[in-house]
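What follows is each chain in one-letter form.
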Amino acid sequence: MPQAALELTFDRADDALVRRGWAAVSERGIRSQADHRGATNAPHLTIAAADRIPRAAFEAVREVLAPVLPRPQVVVGTVLLGGGPYVLAWLVPLDVELRAAVDVVRREVVPGDERPWVGHVTVARRLPAGRVEDALDALRPHRPAALTPVSVRCWDPASGTTTDLGARA
């Protein structure tokens, strides 16, 4: 079963921008996030994952993140993650203030995920090596210069729901 996650979400304009990138890849016949029709699927940047994120942690998450949201984050490029099949994503290294807040959440509020963290917005999962060039070509004109996280939500795969934590400043 997938892990529960804390995810930074974007305003309507940036959400639509990401969805246009998803659609461009999908229009080439390559499975992308656009093909995931679940109600909980939305453009996001995952900041922490755990087997379970208790509701009791939500207030602490809000307190840590509210002072640093919203704030634009530069999208530095497109990246392939994994060893194939790949995850195609936009690389979003957070600025110093937001990264410090995310580190607090990961270390103190939702500890346990020791994997190195790479800020990214997923465009496609399970991308076969033979489709990488085509996917990159489709995505190139859609890469945003920046994305602005405005809120945080918790995705709970056990219940199939998301909870908006409303961490807007």
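The text that follows walks through the structure, step by step, so that each part is easy to find. Within each chain, residue numbers correspond to sequence positions counted from 1 in written order. With pLDDT at 70 or above as the cut-off, local features in this predicted model cover only qualifying residues; side-chain atom pairs require 80 or more to be listed or tallied, and sums for whole chains, interfaces and linings still use all residues. Computation of side-chain values: all heavy atoms of the structure, hydrogens and water removed.

**Focus: helix α1 (residues 12-26)**
Definition in use: The secondary structure listing takes helices from DSSP runs of H or I that are at least 4 residues long and strands from runs of E that are at least 2 residues long, numbered from the N terminus. To estimate the expected span of a helix, count its residues, drop one, and scale the result by 1.5 Å. Exposure is judged per residue with a 1.4 Å probe applied to protein chains only, and the accessible area is read against the type maximum: over 50% gives exposed, under 20% gives buried, and values in between give partly exposed. Whether two residues are in contact is decided by their heavy atoms, any of which lying within 4.5 Å being enough. By the criterion applied in these results, polar contacts are pairs of N or O atoms within 3.5 Å in which, for protein atoms, one can donate a hydrogen and the other can accept it, and in which residues neighboring in sequence qualify only through two side-chain atoms.
Compared with an ideal rise of 1.5 Å per residue, which puts 15 residues at 21 Å, α1 spans 21 Å between its outermost C-alpha atoms and is within 8% of the ideal. Among all positions of α1, only D14, D15, V18, G21, W22, A24 and V25 are buried. Buried-residue contacts for α1 involve β1 (4-10), β5 (86-91), β6 (120-127), α4 (132-139) and β7 (146-147). For α1, the N-terminal cap is D11; the gap from its side-chain oxygen to the backbone nitrogen of A13 is 3.3 Å.

**Brief notes about the environment of V25**
Locating V25 in the fold gives a position in helix α1. Counting along the chain gives 104 residues from V25 to A129, while the straight-line C-alpha distance between them is 14 Å. Residue contacts for V25: discarding those within four places in its chain leaves I30, S32, L88, V123, A135, A138 and L139.

**Description of the pattern of salt bridges**
Heads up, the rule is: Take a side-chain nitrogen of Lys or Arg and a carboxyl oxygen of Asp or Glu: if they are within 4 Å of each other, that pair is a salt bridge.
This structure, assessed with the given rule, holds 10 salt bridges. For the salt bridge of R28 with D134, the shortest nitrogen-to-oxygen distance reads 2.4 Å. Placement of R28 in the loop between α1 and β2 (44-50) and of D134 in helix α4 is noted, with a sequence separation of 106 residues between them. A residue is classified by how much of its surface remains accessible, and D134, at 23% relative accessible area, is partly exposed. Close ionic contact of E97 with R71 constitutes a salt bridge, the shortest N to O distance being 3.2 Å. Taken together, the residues E97 in helix α3 (residues 96-109) and R71 in the loop between α2 (58-65) and β3 (73-74) connect sequence positions 26 residues apart. The exposure class assigned to E97 is partly exposed, which follows from its relative accessible area of 43%.

**Observations concerning the environment of A34**
In this structure, A34 sits in the loop between α1 and β2. In sequence terms A34 and L165 are 131 residues apart; their C-alpha atoms lie 24 Å from each other. Sequence-distant contacts of A34, defined by excluding residues within four places in its chain, comprise W22, A23 and S26.

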